[in-house]
Amino acid sequence: MPEAKPLTPERVLEAYRTVLRARALDDRRFVLNRAGKLAFIISPRGHEVAQVAAITALQPGRDRFCLYYRNFAAALACGFTPEELMLAAFARAADPSSGGRQTPGNFGSRRRGIVIGSSTVGPQIPKAAGIGLALKWKGEGALCYVSFGEGATSQGDFHEGLNFAALHRCPVIFFCENNHWAISVPQSLQVAGPGVAERAAAYGIPGTRVPGDDFFAVHATVAKAAERARSGGGPTLIEAEVLRLQSHSTDDDQRAYRDPVELAAEALKDPIPRLRDALLQRGWLSPEIDQTMRDDVNREVERATEVAEAAPEPEPGSLGHHVYADA
Ligand SMILES: Cc1ncc(C[n+]2csc(CCOP(=O)(O)OP(=O)(O)O)c2C)c(N)n1
């Protein structure tokens, strides 16, 4: 079984670049949305560090991934390029997930083991349990990673998926990105009990809560869960506490239902400057390298936008592909 790759400074800097890439792409998507060029965006803002830290502890190309609509940074960490994600945002024919026929947050790539999601909340969870069972039978030492918000844990799918995976000791990592809001519904009206991690005990599996702005803590937690899964120990439930620094989507305005004082306080806790400071403190990053990375990433986003905007739209005749069988 190939060993997990050690977390070298080079790998952490590559992860940091992915985080910066996700943020720069998101910034550009908002401008394009305001300009009327992109219809609908779901932002990862506040979740990026947790998503990239988690995927960095796994093995894209070997493991399977059931992502959810907010996993823009996770998709980049799994190998999606900025251009591919922009092609999806512009709903172009060359979008690798769906040929421009799905919500841009539904990521799919057979080559990378990313199983396409749907816009329903939670159905990826039992699916991941089933994929986990298949991987166990195949005996490849691969695992299935599935992510979702805390709101999704109030759906039956969450409980069915956890019970099944726990019962059959499936190699699955259940990764909850808890931003404390399910659109306009706060956690207190959505999740009974103290939180999500505690629920693992009911299924007889480990459950851990981890600060989602701490790259190293999230990475270590996911790496431990991966080791357990690969060695036949079964699933783990991880709850990463993150911030939702944007509204649920561009069709929502959280200022209508969230306290402005709380929003201002959260904006100051943006996880990206925190990661940057941690890297500067370790001497792995300098302000100059940081600036060079940001310039590089901005150029990539510029290029990705130009290519995607100029790319052809899907043929009208492809509307029913993958929806109805060709007769
Ligand atoms: C079965 C189902 N019910 C309702 C919705 C509408 N909906 C879309 S996202 C969402 C909130 C999900 O919140 P959470 O799981 O916490 O994830 P977050 O968006 O906060 O990351 C809801 C209710 C849906 N897509 N599917």
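As the structure is a prediction and not an experimental result, all values here were calculated from the model.

## Some points on the packing of helix H2 (residues 48-56) against helix H7 (residues 215-230)
Then, in step 1: At a closest axis distance of 8 Å, the pairing of H2 and H7 adopts a crossing angle of 40°. When the axes of H2 and H7 are compared, the pair comes out oblique. Classified by chirality, the crossing of H7 by H2 is right-handed. Contacts from Val-49, Ala-50, Val-52, Ala-53, Ala-54 and Thr-56 in H2 reach Phe-215, Val-218, His-219 and Val-222 in H7.
Then, in step 2: Looking at the contact of H2 with H7 residue by residue, the class counts come to eight nonpolar, two polar and no charged.

## A look at the site of the ligand
Then, in step 1: Within the structure, the ligand sits among 16 residues, and Tyr-68, Tyr-69, Arg-70, Gly-151 and Trp-181 are positioned closest to it.
Then, in step 2: Contact between the ligand and Tyr-68: an oxygen atom at 2.8 Å from a side-chain N or O atom of the residue.
Then, in step 3: At a separation of 2.6 Å, an oxygen atom of the ligand approaches a polar backbone atom of Trp-181.
Then, in step 4: Its free accessible area being 580 Å², the ligand has 73% of it covered by the protein chains.

## Here we look at the pairing of strand S3 (residues 172-178)
Then, in step 1: Burial analysis of S3 places seven of its seven residues in the buried class, which makes it a mostly covered element.
Then, in step 2: Pairing of strand S2 (residues 144-149) with S3, which is carried by six bridges, proceeds in the parallel orientation. Of the residues in S3, the one forming a bridge with Phe-148 is Cys-176.
Then, in step 3: Taken together, S2, helix H6 (residues 156-167) and S3 form a β-α-β motif whose crossover is right-handed.
Then, in step 4: Sheet topology note: the S3/strand S7 (residues 236-241) ladder contains six bridges and is parallel.

## Considerations on the sheet that holds S2
Each strand in a sheet pairs with another by means of backbone hydrogen bonds, the pair being arranged parallel or else antiparallel.
Then, in step 1: Pairing in this open sheet of five strands is parallel, and the strands run S1-S2-S3-S7-S6 from one edge to the other. Here the strands that pair on one side only, and so sit at the sheet edges, are strand S1 (64-66) and strand S6 (207-211). Taking each pair of neighbouring strands and ignoring which way they run, the sheet shows an average axis angle of 20°.
Then, in step 2: Packed onto the sheet, H2 meets S1, S2, S3 and S7 and runs at close to 170° relative to S3.
Then, in step 3: Along the sheet face, H7 touches S3, S6 and S7 and points at about 155° away from the line of S3.

## A few points about the pairing of S2
Then, in step 1: By the criterion of burial, S2 is predominantly enclosed, with six of the six residues buried.
Then, in step 2: Burial along S2 is two-sided: the face carrying Cys-144, Val-146 and Phe-148 and the face carrying Tyr-145, Ser-147 and Gly-149 are both buried.
Then, in step 3: Of the strand pairs in this sheet, S1 and S2 are connected by three bridges, and their pairing is parallel. When the sheet's bridge partners are listed, Arg-64 is paired in S2 with Cys-144.

## Side note on unusual backbone geometry
Then, in step 1: Notably, Ala-91 is not glycine yet its phi reads approximately 55°, a positive angle.
Then, in step 2: Overall, the relative accessible area of 31% leaves Ala-91 in the partly exposed class.
Then, in step 3: In this structure, Arg-169 takes a positive phi of about 50° despite not being glycine.
Then, in step 4: With respect to the element layout, Arg-169 can be found in the loop between H6 and S3.
Then, in step 5: The class of Arg-169 is partly exposed, set by a relative accessible area of 46%.

## Digging into the packing of aromatic side chains
Then, in step 1: Within the structure shown, the criterion is met by eight aromatic pairs.
Then, in step 2: With centroids separated by 6.0 Å and ring planes inclined at 55°, the aromatic side chains of Phe-65 and Tyr-145 adopt a geometry described as tilted. Note that Phe-65 is positioned in strand S1 and Tyr-145 in strand S2, a separation of 80 residues in sequence.
Then, in step 3: Members of the aromatic cluster, connected to one another through ring pairs, are Phe-65, Tyr-145 and Phe-175.
Then, in step 4: Sitting above the plane of the Trp-284 ring, Arg-282 keeps its charged end 5.2 Å from the centroid.

The rules behind the values
Residues numbered from 1 in each chain as written. Predicted model: local features only at pLDDT ≥ 70, side-chain atom pairs only at ≥ 80, totals over all residues. Heavy atoms only, no water. Axes fitted to C-alpha atoms, helices over the stretch in contact; angles between N-to-C directions. Helix = DSSP H or I, 4+ residues; strand = E, 2+ residues; numbered from the N terminus. Parallel < 35°, antiparallel > 145°, perpendicular 65-115°, else oblique. Left-handed = near helix turned anticlockwise from the far one by under 90°. Contact = heavy atoms within 4.5 Å. Nonpolar A, V, L, I, M, F, W, Y, C, P; charged D, E, K, R; others polar. Near = heavy atom within 4 Å. Polar contact = N/O pair within 3.5 Å; in protein donor to acceptor, adjacent residues only side chain to side chain. Areas by Shrake-Rupley, 256 points an atom, 1.4 Å probe, with all protein chains shown as cover. Buried < 20%, exposed > 50% of the residue type's maximum accessible area, 1.4 Å probe, protein only. Pairing = 2+ DSSP bridges. Right-handed = clockwise from strand over helix to strand, strands pointing away. Phe/Tyr/Trp six-rings, centres within 6.5 Å; stacked < 30°, edge-to-face > 60°. Lys NZ or Arg CZ within 6 Å of the ring centre and 35° of its normal.

Purely geometric numbers; function is a separate question.
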